[in-house]
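So you can see what is in the structure, the chains are spelled out below.
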Amino acid sequence: MSDHLRFSHPFYAYCKEALEDIEKQGRYRRFTPLSRQSSHYPVYDRKINTQKETPIVAWSANDYLGMGIEPEVMNAAITAIQKYGAGAGGTRNIAGTHPLHEELEAELADLHEKEAGLLFVSGYVSNQASLQTILTSMSGNWIAFSDQQNHNSMIAGIKGAKSADCVIFKHNDLQDLENKLAAAPKDVAKLLVFESVYSMDGDIADIGAICALARKYNALTYLDEVHAVGLYGKEGGGVSQRDGVADQVDIIEGTLAKGFGVHGGYITAKREIIEYLRLAAAGFIFTTSLPPSVVAAALTSVRLVRLQNWRREKLFERIHTFQRKLKEADIPFIETESQIVPVIIGNAELCKEVSQCLLDKYHIYAPPINYPTVPKGTERLRLTPNPYHTDEMMDNMVKALKTLLLKK
Ligand SMILES: *Cc1c(COP(=O)(O)O)cnc(C)c1O
C-alpha cells in the first residue's frame with residue numbers, strides 16, 4: 001500500500017491541523033529533557049544535541065522533600081529489584097500482590113488514621129477510578145459538589161460517572177458551598193470533593209469547616225491531599241493531620257510521587273469503602289500493580305518522613321528564607337503558608353520568554369504556567385523551593401528574576 005493510501009484516514013489530517021492551531025495559539029508544549037543528579041539535587045543536567053551537559057538548577061520539582069534521592073529510599077528500590085525483579089508481573093488479583101503492597105497500604109491507613117488503604121498506579125488514577133466508582137454506585141443517584149479549582153483527575157472521575165450530577169462551588173468559598181448544598185434535593189447522596197493544598201496558588205482549604213458542612217447536609221467527604229502528604233502534620237499526614245480533623249474526612253487520597261518522592265497513588269478510608277473500591281474500581285482491578293521496587297522505596301520513604309520532623313522544618317525554613325529574599329528584592333509573588341511560591345508574570349508571552357531566558361542564560365529551570373492551567377492575566381512561574389536549595393541558588397534566582405522582571 002502506498003503511504004498516500006495508508007495515511008488517508010481523516011484523523012491524520014485532523015491531527016496536523018489541530019497541531020498547527022495549537023502552535024498558532026502559543027499553546028504548543030515542548031519538553032525540556034533534564035536528567036536529575038541524585039548526588040546534587042536540585043541540580044539537573046541539560047544536554048542539547050552534541051554539546052557537553054550543562055548543570056541546571058530546577059525550581060519546579062514536586063519532590064518537595066527530596067525523598068526521591070534519599071540513599072535509604074534508593075537502596076530499598078535497588079534491593080527489591082535484585083530480590084524480586086523489575087516489574088510486578090500481574091494485576092493485584094493475578095500474581096501482582098506482593099506482601100509489600102499490603103504493608104504499604106497498612107502504613108498509609110495508619111498515617112491518615114483510617115482503617116484501610118488501597119494503592120493505585122498513580123495519584124491521577126486513584127482519583128479518577130475512585131470517584132467514578134463511588135458516583136456510579138447506588139444506581140448513580142449522587143450529586144458531587146466539586147471545588148472550582150479541583151485537579152483534572154477528580155474532574156475526570158466525576159465526569160466519568162454519567163448519571164451523577166456535578167455542582168461546582170466557588171474555590172474555597174464555604175458560603176457558596178452551603179448555598180448549593182441547601183438548594184440540592186435531600187434524598188440524593190452527596191459527595192464533597194476538594195483538595196487541601198491547591199497546587200497553583202498554594203492556598204489551603206478549611207477542612208474542618210467543610211466537614212462540618214458535610215455533617216449538616218449529610219454528605220460524604222473526599223479529600224485530595226496530594227500536595228500536602230509528607231509536608232504537614234506531625235508525621236506528614238497532610239493538612240487534615242495538622243488541623244486534627246483527619247477522622248472527620250471519609251476518604252483521604254494521596255500520592256507517593258510528590259512529598260514522598262517515589263511513585264503511585266492511594267486512598268484511605270473505613271474498611272467497607274476500601275473493600276468496595278478494591279472489588280469494584282476498574283482502574284484498580286485491570287492494571288498491573290506497582291512494581292515491588294517502587295513499593296519498597298515508597299514504604300521506606302513514608303516511614304522516614306513520618307519519623308523525621310526535621311525534614312519538614314528544614315523545608316519550611318528554606319521556603320521562608322526564599323520568600324524573604326523575594327520580598328527584599330520587590331519581586332511580586334503570592335505569599336502563602338504552603339510550599340508553593342507563585343511568581344506572577346501576568347502575560348503568556350512574557351512568561352514563556354522569562355522562563356526560556358532563565359534556562360538559557362541563567363541555567364535555572366522554572367517552566368511557564370499559562371492558560372488554561374491558570375486564568376489569563378495570572379500567568380506565572382510556580383516555584384517550589386526544597387531543602388536542598390542553598391542560599392546561593394536562591395540569590396541567583398532572585399537576581400535573575402530582578403533583572404528579567406524589574407528592568408523597565
Ligand atoms: C499531581 C496531582 C495528582 C496526581 O498525582 P500523580 O501521582 O502525579 O498521578 C492528583 N491531584 C492533584 C491535586 C495533583 O496535583
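Residues numbered from 1 in each chain as written. Predicted model: local features only at pLDDT ≥ 70, side-chain atom pairs only at ≥ 80, totals over all residues. Heavy atoms only, no water.

**Focus: helix H3 (residues 71–84)**
This is how the line gets drawn: Elements are defined by DSSP. Helices are runs of H or I of four residues or more, strands are runs of E of two residues or more, and each kind is numbered from the N terminus. Each residue after the first adds 1.5 Å to the expected span of a helix. With a 1.4 Å probe rolled over the protein chains alone, any residue whose accessible area is under 20% of its type maximum counts as buried; one over 50% counts as exposed, and the rest are partly exposed. Working definition: the arc comes from the directions between the helix axis and the C-beta atoms, pointing outward to the latter.
With 14 residues, H3 should reach 20 Å at 1.5 Å per residue; the first-to-last C-alpha distance of 19 Å fits that figure. Looking only at H3, the buried set comprises Val-73, Ala-76, Ala-77 and Ala-80. Here the buried residues of H3 occupy an arc of 95° about the axis, which is enough to place them on one side. Positive backbone phi, approximately 95°, marks Gly-85, located one or two places after H3.

**Some points on the sheet that holds strand E7 (residues 189–195)**
Stated formally: For two strands to be treated as a pair, DSSP must find at least two bridges joining them. Every angle, taken between N-to-C directions, lies between 0 and 180 degrees, and every axis is a line fitted to C-alpha atoms, over only the stretch in contact when it is a helix. For this analysis, residues touch if any pair of their heavy atoms sits within 4.5 Å.
Taken together, seven strands build an open sheet; the order of strands is E4-E10-E9-E8-E7-E5-E6 and the sheet is mixed. Where the open sheet ends on each side, the last strands, each with one partner, are strand E4 (116–120) and strand E6 (165–169). Mean inter-strand twist for the sheet, computed between neighbouring axes without regard to direction, equals 20°. Strands in contact with helix H5 (residues 123–136) are E4, strand E5 (142–147), E7, strand E8 (219–224), strand E9 (251–255) and strand E10 (265–269); relative to E9, the strand with the most contacts, it is inclined by about 155°. Along the sheet, helix H7 (residues 174–183) makes contact with E5, E6 and E7, crossing E6 at roughly 150°.

**Comments concerning the sheet that holds strand E14 (residues 380–383)**
Taken together, three strands build an open sheet; the order of strands is E11-E14-E13 and the sheet is antiparallel. Strands at the two margins of the open sheet, each flanked by one partner only, are strand E11 (341–344) and strand E13 (368–369). With four bridges joining them, E11 and E14 adopt antiparallel strand pairing. Looking at E14, one finds that Val-341 is bridged to Leu-383. The strands touched by helix H13 (residues 309–328) are E11 and E14; relative to E11, the strand with the most contacts, the crossing angle is about 20°. Lying on the sheet, helix H14 (residues 348–362) is in contact with E13 and E14; it crosses E14 at an angle near 50°.

**Things to note about the domain arrangement of the protein chain**
The condition is simple: Source of the domain bounds: an automatic or database domain assignment. The term buried area means the drop in 1.4 Å probe accessible area that two parts suffer when joined, counted for both and summed. Whenever Lys or Arg places a side-chain nitrogen within 4 Å of a carboxyl oxygen from Asp or Glu, that contact is recorded as a salt bridge. In protein, a polar contact requires one atom able to donate a hydrogen and another able to accept it; more generally it is a pair of N or O atoms within 3.5 Å, and residues adjacent in sequence count only if both atoms are side-chain atoms. Polar here means any residue other than Ala, Val, Leu, Ile, Met, Phe, Trp, Tyr, Cys and Pro, which are nonpolar, and Asp, Glu, Lys and Arg, which are charged; Gly is therefore polar.
Parsing the protein chain into structural domains produces domain 1 (25–58 + 309–407) and domain 2 (71–307). With 18 residues of domain 1 at the interface, the matching set in domain 2 holds 21 residues. Here domain 1 meets domain 2 over a buried area of about 1,400 Å², counting both sides, of which 50% is carbon and sulfur. The tally of links between domain 1 and domain 2 comes to two salt bridges. The salt bridge partner of Glu-337 is Arg-242, with a shortest N-O separation of 3.2 Å. At the boundary of domain 1 and domain 2, one finds twelve residue pairs in polar contact (both at pLDDT 80 or more). At the level of elements, H13 and E14 are the ones that each hand at least two residues to the side of domain 1 that touches domain 2. With five residues, the top contributor of residues to the side of domain 1 that touches domain 2 is H13. Of the residues contributing to the side of domain 1 that touches domain 2, the split by class is seven nonpolar, six polar and five charged.

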